[in-house]
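Notes for the structure review
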Amino acid sequence: MDISKECKESIVNGNKSQAEELAKKAVKEGLDVDQIIDAFSEAIREMGDLFEEGEVFLPELMRSAEAMKTAMNILTPLLSEGKANHILGRVVIGTIEGDIHDIGKTLVASILSAEGFEVYDLGADVSVNDFIEKALEVDAHIICISALLTTTMIGQRKLIEELKERNIRDRFKVLLGGAPVTKQWVQDIGADGTAENAVSATKLAKKLLGH
Ligand code: B12
């Protein structure tokens, strides 16, 4: 079986040790990390679809996510290697309050960092206030907010409103992401953009800062 198929299988079966072994193998054999991450990502999304259809239940989805995270913890540090020697800009990133999905956000943070951004990753379930305080503290150029739930997307709007309230909206570019985020939503709440994946997110971040 080819390694991409094995990666998918490990996630679908929620087999943490298999996922870990495969990630280590990919690193050891110098395989294309992007391709391996794509295979894992495709599998976890498939599990999400099955979950929505009622074909798998939360404990299974959680086991798959655990396996995915174990593999990603091994693979994402590789993405940050070979950092550019000048800083393109400072980015504060996190998943919005009430939302614990952090796999995609961590991928975006890794690619941004690999491309030369100084990244402050606040983790998941981050309050609007913590985003803003950190952005002010490090004098960030961009705030990146991830939301994977339709119920937590509202926090993205809250953050922009809070920036306006404090008269600091113009100090930061605000990028939104996560599966439910659409261009329409970005426009509706007055954010600066969105991207479907970590590579296009990084391209957009560069473009917004004129690189
Ligand atoms: C894995 C997963 C989980 C894991 C999370 C583990 C973790 N530590 O992250 C667990 C099992 C814990 C989980 C829990 C829940 N989940 Co869940 N989960 C998923 C799943 C299957 C995959 C998400 C993922 O990791 N994708 C892989 C990564 C690589 O992709 P990504 O996140 O989309 O990120 C990419 C892009 O979006 C983009 N991006 C991401 N962030 C950003 C930010 C910026 C600024 C930019 C520019 C780009 C960007 O780049 C990323 C990399 O390419 C999705 C299904 C799906 N299709 O998204 C459901 C899904 C998001 N979950 C869902 C639900 C309902 C839940 C629960 C509420 C279930 C429950 N009943 O308790 C809880 C939520 C708890 C909470 N309060 O947050 C629903 C949401 C439905 C909705 N409309 O709101 C989904 C869509 C599943 C479904 N189809 O029903 N979940």
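Each value, and the rule that gives it
- Residues numbered from 1 in each chain as written.
- Predicted model: local features only at pLDDT ≥ 70, side-chain atom pairs only at ≥ 80, totals over all residues.
- Heavy atoms only, no water.
- Near = heavy atom within 4 Å.
- Polar contact = N/O pair within 3.5 Å; in protein donor to acceptor, adjacent residues only side chain to side chain.
- Helix = DSSP H or I, 4+ residues; strand = E, 2+ residues; numbered from the N terminus.
- Salt bridge = Lys/Arg side-chain N within 4 Å of Asp/Glu carboxyl O.
- Buried < 20%, exposed > 50% of the residue type's maximum accessible area, 1.4 Å probe, protein only.
- Expected span 1.5 Å × (residues − 1).
- Contact = heavy atoms within 4.5 Å.
- Domains from an automatic or database assignment.
- Buried area = accessible area lost by both parts, 1.4 Å probe.
- Donors = N, O, S within 2.8 Å, 3.2 Å for Na, K, Ca; no water.

Neighbouring the ligand are 36 residues; Arg45, Ile100, His101, Asp102 and Ser146 lie closest to it. Here an oxygen atom of the ligand and a backbone polar atom of Ile103 are 3.5 Å apart. Ser146 places a side-chain nitrogen or oxygen 2.8 Å from a nitrogen atom of the ligand. Contributions of two or more residues to the shell around the ligand are made by helix H3 (33-52), helix H4 (58-79), helix H5 (103-114), strand E3 (142-146), strand E4 (173-177) and helix H9 (198-208). With six residues, the single largest contributor to the shell around the ligand is H3.

Bringing the pattern of salt bridges into the picture now. Evaluated as defined, the whole model comprises 13 salt bridges. When the shortest N-O distance is used, the salt bridge between Arg166 and Glu162 registers 3.0 Å. Judged by its relative accessible area of 28%, Arg166 is partly exposed. Where salt bridges share partners, they join Arg90, Asp139 and Arg171 into one cluster.

The terminal C-alpha atoms of H3 lie 29 Å apart, and with 20 residues this matches the ideal 28 Å at 1.5 Å per residue to within 8%. Every buried residue belonging to H3 is among Val33, Ile36, Ile37, Ala39, Phe40, Ser41, Ala43, Ile44 and Met47, and all of these are buried. On the buried face of H3, the contacting elements are helix H1 (3-12), helix H2 (16-28), H4 and H5. One side-chain oxygen of the residue at the start of H3 lies 3.1 Å from the amide nitrogen of Asp34, identifying that residue as Asp32. Positioned one or two residues after H3, Gly54 has a phi angle of 80°, which is positive.

With that out of the way, let us pick up the domain arrangement of the protein chain. Where interface size is given, it is often the accessible area lost as the parts come together that is meant. Splitting the protein chain by domain gives domain 1 (3-79) and domain 2 (89-208). Using only C-alpha atoms to locate each centre, domain 1 and domain 2 end up separated by 25 Å. At the junction of the two partners, domain 1 supplies eight residues and domain 2 supplies six residues. A buried area of about 610 Å², summed over both sides, lies between domain 1 and domain 2, and 74% of it is on carbon and sulfur atoms. When the buried area of domain 1 at its contact with domain 2 is split by residue, Lys69, Thr76 and Leu79 rank highest and sum to 64% of it. Scanning the region where domain 1 abuts domain 2 turns up one salt bridge. Here Asp102 and Lys69 are joined by a salt bridge, their closest N and O atoms 2.8 Å apart. Across the domain 1-domain 2 interface, the total number found is one residue pair in polar contact (both at pLDDT 80 or more). Contributions of two or more residues to the side of domain 1 that touches domain 2 are made by H3 and H4.

Looking now at the coordination of the cobalt atom of the ligand. Its sole protein donor being His101 (NE2), the cobalt atom of the ligand sits 2.3 Å from that atom. Relative to the helices and strands, His101 resides in the loop between strand E1 (89-95) and H5.

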